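Summary of the model geometry
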Amino acid sequence: MSAPTSGSIHNRFRKRCRREHDWIDELINRNEPLSSDEEAELILRVHSLAGAGGTFGYPEISERALRAEQVMRQTSCTCAESREALEALLQALEAAAEE
């Protein structure tokens, strides 16, 4: 069995970007509060994107994810500043997914 090519790894990351974009977008745009489990999962997934973005050549994803994580940990996942940071991350994820 051959190792995955660089292109296929990047394709998988772009697909991940689409999945994460859709999940975060749905979560923050619904009309009900987040449970503590949802908040914890959101922070974990955003943290993971902060590391993965740079690894796969998307420093903007890393920077925006790091900012969103920091804001959510310092305030809450639902405050206006967190929402603004998450919206910026969503833009970067969408851009990567559409390449």
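Below or above, wherever it landed, is the structure these notes cover. Worth saying up front: this structure is predicted, and the values here are computed from it rather than measured. (Residues numbered from 1 in each chain as written. Predicted model: local features only at pLDDT ≥ 70, side-chain atom pairs only at ≥ 80, totals over all residues. Heavy atoms only, no water.)

Let us look at the overall build of the chain. What the chain contains, in helices and strands, is 4 helices and 0 strands. Element order for the chain, N to C, with α for helix and β for strand: α-α-α-α. In terms of overall dimensions, the chain is globule-like: its C-alpha atoms have a radius of gyration of 14 Å, near the 13 Å expected for 99 residues. By its C-alpha atoms, the chain is 45 × 20 × 20 Å across when sized along the principal axes. Expressed as a percentage of its 99 residues, the buried residues of the chain come to 35%. For the chain, contacts bridging at least 24 residues in sequence account for 63% of all contacts bridging at least 6. (Helix = DSSP H or I, 4+ residues; strand = E, 2+ residues; numbered from the N terminus. Rg over C-alpha atoms; globule rule 2.2 N^0.38 Å. Buried < 20%, exposed > 50% of the residue type's maximum accessible area, 1.4 Å probe, protein only. Contact = heavy atoms within 4.5 Å.)

In this section: the nonpolar core. Residues Ile24, Leu42, Val46, Ile61, Met72, Leu86 and Leu89 are the most contacted members of the largest nonpolar core, which totals 25 residues. Breaking this core down by element, the ones donating at least two residues are helix H1 (6-29), helix H2 (36-55), helix H3 (59-74) and helix H4 (80-97). Among the elements that take part in this core, H4 stands out by supplying 7 residues, more than any other. (Core = buried A, V, L, I, M, F, W, Y, C linked by side-chain atoms within 4.5 Å.)

This part takes up H2. Across its 20 residues, H2 extends 29 Å between first and last C-alpha, which sits within 8% of the 28 Å expected from 1.5 Å per residue. Taken together, the buried positions of H2 are occupied by Leu42, Ile43, Val46, Leu49, Ala50, Ala52 and Gly53. Looking one or two residues past H2, Gly57 carries a phi angle of roughly 85 degrees, positive in sign. (Expected span 1.5 Å × (residues − 1).)

Glancing now at the packing of H2 against H4. At a minimum axis separation of 13 Å, H2 and H4 run at an interaxial angle of 50 degrees. Put simply, H2 runs oblique to H4. At the point where H2 passes H4, the crossing takes the left-handed sense. Facing Leu42, Val46 and Leu49 of H2, the residues of H4 in contact are Leu86, Leu89 and Leu93. Each residue belonging to the contact of H2 with H4 can be placed in one class, and the counts come to 6 nonpolar, no polar and no charged. (Axes fitted to C-alpha atoms, helices over the stretch in contact; angles between N-to-C directions. Parallel < 35°, antiparallel > 145°, perpendicular 65-115°, else oblique. Left-handed = near helix turned anticlockwise from the far one by under 90°. Nonpolar A, V, L, I, M, F, W, Y, C, P; charged D, E, K, R; others polar.)

This next bit is on the environment of Tyr58. If you trace the backbone, Tyr58 turns up in the loop between H2 and H3. Separated by 38 residues in sequence, Tyr58 and Ala96 have C-alpha atoms that sit 7.7 Å apart.

This part is about the environment of Leu93. Tracing the sequence through the fold places Leu93 in helix H4. A residue is classified by how much of its surface remains accessible, and Leu93, at 0% relative accessible area, is buried. Separated by 64 residues in sequence, Leu93 and Asn29 have C-alpha atoms that sit 16 Å apart. Not counting chain neighbours up to four residues away, the residues in contact with Leu93 comprise Cys17, Glu20, His21, Ile24, Leu49 and Ile61.

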